[in-house]
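The chain contents come next:
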Amino acid sequence: MQHTAVPLPAGVTLSNSTLSPQTAPDYSNTTTPTGFYFAGGAGAIVADDVHRTTSLPIAQITFAYYAPTTAPDVVMYIYDLNSYNLPAPLLASYNLGTLAGYGAYAYTITLTTPLSAPSVLWIGFSFSTADAGLLIYHPPTIGSSQDVFMMDNSGLYWFGGNPPANFYLETVPVPEPASLLMLGSGVAGLFALRRRRA
């Protein structure tokens, strides 16, 4: 079913509240803005399909939204993609509370406990205000996403290709054990070098 994306007003710029990830993302669609956003309505869950390059547990998720009038309360939802069969199994939900303000913002959420998840997911958000919604970016630079999104875990939608139905999202996995071993070896080497000089 087709929906209509809304053009961002002239002069809207993205305020970045993101953190520096400790490891490389396994999905990233944060580079190329389309100049559109989509407000699904107050309380509606709007989720994008995310095809990550790993199936490692997720440590951080970054998203971006536009709220023209009021700072929204936000809930984040993560579903198993389940071969696009709906309803999809819910893996986790996170109440993010009231965000910083109105305007265009990017946020990085660090999960207290990394989320074990498959490589293909729906990642979605609901906003308490009817006019707030996710920013639309395209194309992903790491991983992939189809030209489709899901609403309220019950229907697939798109914008007719203009713009492609991909939202500003990024996932960062926990570091692989080999990466942690290399990091630990480097820190140990620096510590040993410092002790030798002392």
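Presented here is an overview of the structure given in this document.

The rules behind the values
Residues numbered from 1 in each chain as written. Predicted model: local features only at pLDDT ≥ 70, side-chain atom pairs only at ≥ 80, totals over all residues. Heavy atoms only, no water. Phe/Tyr/Trp six-rings, centres within 6.5 Å; stacked < 30°, edge-to-face > 60°. Helix = DSSP H or I, 4+ residues; strand = E, 2+ residues; numbered from the N terminus. Buried < 20%, exposed > 50% of the residue type's maximum accessible area, 1.4 Å probe, protein only. Core = buried A, V, L, I, M, F, W, Y, C linked by side-chain atoms within 4.5 Å. Salt bridge = Lys/Arg side-chain N within 4 Å of Asp/Glu carboxyl O. Polar contact = N/O pair within 3.5 Å; in protein donor to acceptor, adjacent residues only side chain to side chain. 1 Å grid on protein atoms, 1.4 Å probe; cavity = no way out; pocket = protein on both sides within 12 Å on 5 of 7 lines; lining within 4 Å. Points joined across faces, edges and corners; volume = space filled by probe spheres on them.

With that settled, consider the packing of aromatic side chains. Within this structure, the stated rule accounts for 17 aromatic pairs. For the ring pair Phe-63 and Tyr-107, a centre distance of 6.2 Å and an interplane angle of 25° mean the geometry is stacked. Of this pair, Phe-63 sits in strand S6 (residues 58-67) while Tyr-107 sits in strand S9 (residues 103-115), and the two are 44 residues apart along the sequence. Phe-63 sits in the buried class, given a relative accessible area of 0%. You can call Tyr-107 buried: its relative accessible area is 13%. Arranged with centres 4.7 Å apart and planes meeting at 90°, the rings of Tyr-137 and Tyr-168 form a pair that is edge-to-face. Separated by 31 residues along the polypeptide, Tyr-137 in strand S11 (residues 133-137) and Tyr-168 in the loop between strand S13 (155-157) and strand S14 (169-173) bring together distant segments of the chain. Take Tyr-137 and Tyr-168: they sit in the same class, and that class is buried. These aromatic residues form a ring-pair network of at least three members: Phe-63, Tyr-65, Tyr-105, Tyr-107, Phe-125 and Phe-127.

Moving on, we come to the nonpolar core. Inside soluble globular proteins, nonpolar side chains tend to come together where they are buried. Ranked by internal contacts, the top residues of the largest apolar core, which has 36 residues, are Phe-38, Phe-63, Tyr-65, Phe-125, Phe-149, Phe-159 and Phe-167. For this core, the secondary-structure elements that each account for two or more residues are strand S5 (46-51), S6, strand S7 (73-80), S9, strand S10 (120-127), S11 and strand S12 (149-151).

With that settled, consider the pattern of salt bridges. Taken as a whole and assessed by the stated rule, the structure comprises one salt bridge. Its salt-bridge partner being Arg-52, residue Asp-26 comes within 2.8 Å of it at the nearest N-O pair. Taken together, the positions of Asp-26 in the loop between strand S2 (14-17) and strand S3 (27-29) and Arg-52 in the loop between S5 and S6 put the pair 26 residues apart, joining distant regions of the chain. Comparing Asp-26 with Arg-52, the two get one shared label, buried.

A few words on the side chain of Thr-108. Position of Thr-108 relative to the elements: it lies in strand S9. A distance of 2.7 Å separates the side chain of Thr-108 from the side chain of Thr-62, its partner in a polar contact.

Applying the stated criterion across every chain yields a total of one cavity of 30 Å³ or more. Put simply, the largest cavity is a space of about 40 Å³. What lines the largest cavity is simply Phe-38, Gly-40, Gly-41, Ala-44, Val-46, Phe-125, Phe-127, Ala-132, Gly-133 and Leu-134. Listed by contribution, the elements that provide at least two residues to the lining of the largest cavity are S10 and S11.

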